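Read off the chains here:
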Amino acid sequence: MRPAARLQAAIELLDEILSAARTNGAAADNIARKFFAARRYAGSKDRRAVRDLTWDAIRMFGEPPATARSAFAAMAQNDAELAALFDGSPYGPAPLQADEPRGKPALLPDWIKALFYPEVGEGEWPALLERAPLDIRVNPLKISRAEAAQSIGAAQMLPSSHGMRLPRGFAADRHPLYGGGKIDIQDLGSQIIVDACAATPEMLVIDLCAGAGGKTLALAEQMGQPDTGTGRVIAADIDRGRLQKLTPRAARAGCEHLIETRLLNPGKEREMLSDLTGRADIVLVDAPCSGSGTWRRNPETRWRLTPKRLEKLTGQQAELIDIAAGLVKPDGAIVYAVCSLLAKEGAHQVSRFIEDNTGWRADPIATDLGRPCGSGHLLTPGHDGSDGFFFARLQKSC
């Protein structure tokens, strides 16, 4: 494909992503996969170039532009090479006109700026949209971190129990260690949250919003081999498709014997977990949220978030903490986490819970990473090089 044709393809792909964002349709990554599957003539370099152009445009606009062409027209104002690609060639975009609409670049939606933690000032905002690094978690049930580093090479040790950072572009999911269940891909922030759980072999641990099970696996690996204790991890979620992905991952990691999955019906979580009432040592609540801490991975999700959607999410978060509280035994703990940098999803939720529930306290988080924030801890891309998270450990009295 000629450069102009690549730009035209990026315009078409971005228009599809914009349409899906307005209708709460498929995620951008899924749209891109189908887009390229229908254009098999595009080689790997073409696909990479088209994707890079598209995601550069997504990162540049906090509010969705009216059209993809208006986005690239705005970008071309300060990029002569990009402007030259509007050449009117057979497979390229039509030439730019002086009076045609142009989008207005901005990192964040205006309405959301006031909702960020004060600690996340304007100077940190650009880091929210930078490309994320590639972090992995070493599985201690199968290999030591030193052995994995020697096998992989060029790895940076991370300040988590089992984390390493690999060079961008490293094909971690095609490395033999990955196929053998010795490593898994997981951001540093998620690893720090698992470390905060401090799960041990004899514990009953519930991952209340397990999803595809990344943190569930890390918890099981943290707890160790079955002959060292009687513990288990319950992975619960309302999303059947995501939860089903955990089973083969657990088998690959060699910890399937420690994990039980439970598919929950929305609105009936308490009933379907009633046999665990007052029994859990730890309940991890990695709650659904705005995802503002992971915009660097999924920048188009900024376009899907609305005040109404945020209000619904905060209601779900409060409900999940309350459900978790009923599952915890005396002297047990909730670890509450959101990949959000909005105070109402994190620190405010924890404050509300402590005020409304006697016999609970927020314990300090023992980590050198991040910053204390309210009754919890804050990780940000700009300060810590991880995804953005708020998390807190809530301890129940004996």
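Residues numbered from 1 in each chain as written. Predicted model: local features only at pLDDT ≥ 70, side-chain atom pairs only at ≥ 80, totals over all residues. Heavy atoms only, no water.

Draft legend 1. Seen up close, the pairing of strand β13 (residues 389-396). Across the 8 residues of β13, 7 count as buried, placing the element largely inside the fold. Two elements, strand β9 (residues 328-338) and β13, share 6 bridges in a ladder whose sense is antiparallel. Its bridge partner lying in β13, Tyr336 is registered against Ala392. Where strand β10 (residues 360-363) and β13 come together, 4 bridges link them in antiparallel fashion. Bridged to Asp363 within β13 is Arg393. Pairing analysis gives 3 bridges linking strand β12 (residues 376-379) to β13, with the strands arranged antiparallel. Considered in β13, the bridge of Leu378 is made with Phe390. (Buried < 20%, exposed > 50% of the residue type's maximum accessible area, 1.4 Å probe, protein only. Helix = DSSP H or I, 4+ residues; strand = E, 2+ residues; numbered from the N terminus. Pairing = 2+ DSSP bridges.)

Draft legend 2. Structural detail: the nonpolar core. Formed by 84 residues in total, the largest nonpolar core has its most connected members in Leu208, Ile259, Val285, Ile334 and Phe390. The element contributing the most residues to this core is helix α13 (residues 307-327), with 8 residues. Excluding residues that lie within four positions of it along the chain, Leu208 makes contacts with Ala236, Asp237, Leu273, Val283, Leu284, Val285, Leu320, Ile323, Ala324 and Leu327. By size, the runner-up hydrophobic cluster in this structure holds 30 residues, among which are Ala10, Trp55, Ala74 and Phe86. (Core = buried A, V, L, I, M, F, W, Y, C linked by side-chain atoms within 4.5 Å. Contact = heavy atoms within 4.5 Å.)

Draft legend 3. The arrangement of the packing of helix α8 (residues 188-197) against helix α9 (residues 214-223) in detail. Contact geometry for α8 and α9: axes closest at 10 Å, N-to-C directions at 45 degrees. Classified by the interaxial angle, the pair formed by α8 and α9 is oblique. Crossing handedness for the pair α8 and α9: right-handed. Between α8, through Ser190, Ile193, Val194, Asp195 and Cys197, and α9, the contact on the second element is made entirely by Lys215, Ala218, Leu219 and Gln222. (Axes fitted to C-alpha atoms, helices over the stretch in contact; angles between N-to-C directions. Parallel < 35°, antiparallel > 145°, perpendicular 65-115°, else oblique. Left-handed = near helix turned anticlockwise from the far one by under 90°.)

Draft legend 4. Region of interest: the pairing of strand β5 (residues 204-207). Alternating positions in β5 separate into two faces, Leu204 and Ile206 on one and Val205 and Asp207 on the other, with burial throughout. Bridge count between β5 and strand β6 (residues 232-237): 4 bridges; the pairing is parallel. Bridge pairing in β6 places Asp207 opposite Ala235. As judged from the 3 bridges shared by β5 and strand β8 (residues 280-286), these two strands associate in the parallel manner. The residue of β8 that forms the bridge with Ile206 is Val283.

Draft legend 5. View of unusual backbone geometry. Positive phi is not limited to glycine here, since Asn24 has a value of about 55 degrees. With respect to the element layout, Asn24 can be found in the loop between α1 (3-23) and α2 (28-37). Relative accessible area serves as the criterion here: at 61%, Asn24 is assigned to the exposed category. Phi angles above zero are rare outside glycine, and Ala198 is one such case at about 50 degrees. Within the element layout of this structure, Ala198 appears in the loop between α8 and β5.

Draft legend 6. Structural context of α13. When the terminal C-alpha atoms of α13 are compared, their 31 Å separation across 21 residues agrees well with the 30 Å that a helix rising 1.5 Å per residue should span. Of all the positions in α13, only Leu310, Leu313, Thr314, Gln317, Ala318, Leu320, Ile321, Ile323, Ala324, Ala325 and Leu327 are classed as buried. (Expected span 1.5 Å × (residues − 1).)

Draft legend 7. Looking closely at α2. For α2, the full list of buried residues reads Ala28, Ile31, Ala32, Phe35 and Phe36. The buried residues of α2 occupy one face: seen down the axis, they fall within an arc of 125 degrees. In α2, the exposed positions that point more than 90 degrees away from the buried face belong to Arg33 and Lys34. Buried-residue contacts for α2 involve α1 and α3 (44-60). (Arc of directions from axis to C-beta.)

Shape descriptors only; they carry no functional weight alone.
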